[in-house]
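# Architecture and fold: a report
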Amino acid sequence: RGGRMVDAREAVEAALLSALAAGDEIKNSSIFAEGIKVDHNDKVTLLSNVIKSLQAREMVIAKSKSMQVPVLSADGERWVQNGTPEIQIFTALSKPMGKGDLLKSAKVKALGKSANPGLSVCMKKKWIVLDKETKTLKRNESLKSDPEDTVKAHLVKVKAGEKLDSKIMKDLKKRKMVASKKITWYSVNKGPKFTLEKKELATDLTQELLKDKAWKKVEFKGYSMCIWPKAPLVGALHPLMKVRTEFRHILLEMGFSEMPTNNFVESSFWNFDTLFQPQQHPARDAHDTFFLNQPKKCLKLEKDYVKRVKIMHEKGGHGSIGYRYDWSLDESKKNILRTHTTAVSSRMLYKLAQQKEFKPQKYFSIDRVFRNEALDATHLAEFHQVEGLVADRGLSLSHLIGTIKTFFTRIGIDDVKFKPAYNPYTEPSMEIFGFSKELKKWIEIGNSGMFRPEMLRPMGLPEDVTVIAWGLSLERPTMIKYGYKNIRDLFGHKVKLDLIYSNPLCRY
């Protein structure tokens, strides 16, 4: 098969060069291709490839030209073969019958969606009339002869490449019998290096050419620095992963350590109770949280720590009166898909509290969380949360504001402001707003606060240790960075793979 392709190409090349040698110009390569005696499925494309190859060698000068030409649609080809719908309907109406019976007849039913338009043409041209007494359709008895299929005649002319009146062509296009097709061809002239025989050009400087100094007599193929190389077949990072990597590097450079976040399934104890979130809180309902059926409950919890958490919820301590309700261990053992990575932060702080000597720590995490939310352009049931915390002695709100401003400045948001807010496990709490240069407006970009003593003291952390924390989603800054309007175009089954390959690097 490859040999036949080479033979056809050489034959086309020889025919083209011979034609140019005999004359000055080939005005239309498509017309020239049809006259070439070559066994090939697409002689036009083959000739086009030959012209481009010879032009690269400066043997020919080719100018590309194009125009829109009318061609028959699939229906047009069908009506040329079998006659237009109006003629077929007229022929099918051999005797008076109701409209419904006519449309259900085998010949008319085969017309499909073209049946009603065809009948309308028959009625408009009064080939078929309605008998008001019998309410049936019948042929117009005043016709001296059967109507001619002028539309078919027009379609035959289009197929032959003949020109039609603009009004007739407009009607054919309106009935979707004719479509427009762009055709491209070349006008070809002799180039500065024209010759009847194509000289093979060397592409590499080989050992043999160097050894015998034959390279001095060899003509090398020119190199184009403007042609992009073929893209290698490699993997590509999702935009979310690019932004995640950039955030991770920034936080590591700020001195934070990454927390392990590999457990998507979490107990209600670590996800809610350790954070001093009451068991009657709306966020713990099924309409906000995904509960597991199997395994339904966790098997192991730290008994002493559970006891201290229970007392804090029921009676309070360290200046708090608690929530004054009967805390349930069964409720606390229910397994869920974690609703935030703060559950991981709680585990890490508890682990930190068990050390003999407290050492200040800066932690961060970036991973997936799950919430039973209504899906829309900006919300999904699963998303990624970025969270950071600092545990040290003497920390205050000013330290939190300073840390947050440092992080957001690193990701390109210089103007940051805060608004008081409420969170069950932080006090004071603040919503974070930033001015987006891309959107040119203030947007909510995160939440923050200082962990409450009711959360920290049952863990065993010293009285003078405070913890500042903040969090934001990964999807929102990614959507802004890459210009996504709908989160489902970024994450989920609707993501287009070509966008994954073509999206640019993430740099802040």
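Structural data are supplied above this passage.
Okay, so let's go over this structure. Bear in mind the structure is a predicted one, so any value in this text is a computation, not a measurement.

Attention now goes to the pattern of salt bridges. Charged atoms that come close allow side chains of opposite charge to pair. Inspection of every chain in the model, using the stated rule, returns 17 salt bridges. Across the salt bridge formed by R244 and E258, the nearest N and O atoms sit 3.5 Å from each other. Within this pair, whereas R244 is found in helix α12 (residues 239-253), its partner E258 is found in strand β6 (residues 257-258), the two being separated by 14 residues in sequence. We note a salt bridge from D330 to K297, for which the minimum N-O separation is 3.7 Å.

Attention shifts here to the side chain of T403. Turning to its location among the elements, T403 is positioned in helix α17 (residues 397-410). T403 sits in the buried class, given a relative accessible area of 16%. Aside from chain neighbours lying at most four places away, what touches T403 is M254, F256, I468 and W470.

Attention now goes to the packing of helix α9 (residues 150-159) against helix α10 (residues 166-174). At their nearest, the axes of α9 and α10 sit 11 Å apart, and the two run at 100 degrees to each other. Relative to α10, the element α9 lies roughly perpendicular. Touching V151, H154, L155 and V158 of α9 are I168, M169 and L172, all from α10. Class assignment of the residues belonging to the contact of α9 with α10 gives a composition of 6 nonpolar, 1 polar and no charged.

Spatially, 3 strands are ordered β1-β5-β2 in an open sheet, and the strand pairing comes out antiparallel. Each edge of the open sheet carries a strand with a single partner, namely β1 (25-26) and β2 (60-72). In the sheet, β1 pairs with strand β5 (residues 178-190) via 2 bridges, with the strands oriented antiparallel. Opposite E25, over in β5, you have N189 as the bridge partner.

This part covers the sheet that holds strand β9 (residues 361-370). Ordered by their spatial adjacency, 7 strands build an open sheet running β6-β9-β10-β14-β13-β12-β11, and the pairing between neighbours is mixed. Here the strands that pair on one side only, and so sit at the sheet edges, are β6 and β11 (416-423). Two strands pair when backbone bridges link them, and strand β13 (residues 441-451) and strand β14 (residues 465-473) are joined in this way by 4 bridges, in the antiparallel orientation. Looking at β14, one finds that G449 is bridged to A469. Against the sheet, helix α16 (residues 342-353) touches β9, β10 (382-393), β13 and β14, its axis set at about 25 degrees to β10. Against the sheet, α17 contacts β11, β12 (426-436), β13 and β14, and its axis sits at roughly 35 degrees relative to β14.

Turning next to the packing of α12 against helix α19 (residues 475-482). The angle between the axes and the distance between the axes are what describe a pair of packed helices. Taken N-terminus to C-terminus, the directions of α12 and α19 make an angle of 110 degrees; their axes are 10 Å apart at the nearest point. It follows that α12 is roughly perpendicular to α19 by the angle criterion. Across the interface between the two elements, P239, L240, K242, V243 and F247 from α12 touch E475, P477, T478 and Y482 from α19. Residues of the contact of α12 with α19, tallied by class, amount to 6 nonpolar, 1 polar and 2 charged.

With an omega of -5 degrees, the peptide bond running from Q294 to P295 counts as cis. Residue position: P295 is located in the loop between α13 (268-271) and α14 (303-314). Note the cis peptide between E427 and P428, where omega equals 0 degrees. Relative to the helices and strands, P428 is located in strand β12. One non-glycine residue, E58, adopts positive backbone phi at about 65 degrees. By secondary structure assignment, the location of E58 is in the loop between α3 (43-56) and β2. Looking at E58, the relative accessible area reads 39%, which means it is partly exposed.

Okay, the environment of K216 next. One can find K216 in the loop between α11 (207-211) and α12. As for K216 and C298, which are separated by 82 residues in sequence, their C-alpha atoms are 81 Å apart.

Reading the values: the criteria
Note on numbering: residues in each chain are counted from 1, in written sequence order. A pLDDT threshold of at least 70 governs which residues receive local features in this predicted model, and a stricter bar of 80 or more applies before side-chain atom pairs are shown or counted, although totals over entire chains, interfaces and linings include all residues. Water and hydrogen atoms play no part in the side-chain values, which are based on all heavy atoms of the structure. Between Lys or Arg on one side and Asp or Glu on the other, a salt bridge is scored when a side-chain nitrogen of the former is within 4 Å of a carboxyl oxygen of the latter. The secondary structure listing takes helices from DSSP runs of H or I that are at least 4 residues long and strands from runs of E that are at least 2 residues long, numbered from the N terminus. Each residue's exposure class comes from its accessible area (1.4 Å probe, protein chains only) as a fraction of the maximum for that residue type: buried when under 20%, exposed when over 50%, partly exposed otherwise. Contacts were defined at the residue level, with two residues in contact if any of their heavy atoms lie within 4.5 Å. Axes here refer to lines fitted to C-alpha atoms; in helices the fit is confined to the stretch in contact. Angles between the N-to-C directions go from 0 to 180 degrees. Reported orientations rely on four angle classes, namely roughly parallel under 35 degrees, roughly antiparallel over 145, roughly perpendicular from 65 to 115, and oblique for the rest. Classification used: nonpolar for Ala, Val, Leu, Ile, Met, Phe, Trp, Tyr, Cys and Pro, charged for Asp, Glu, Lys and Arg, polar for all others including Gly. Pairing between strands is defined by DSSP: at least two bridges between the two strands are required.

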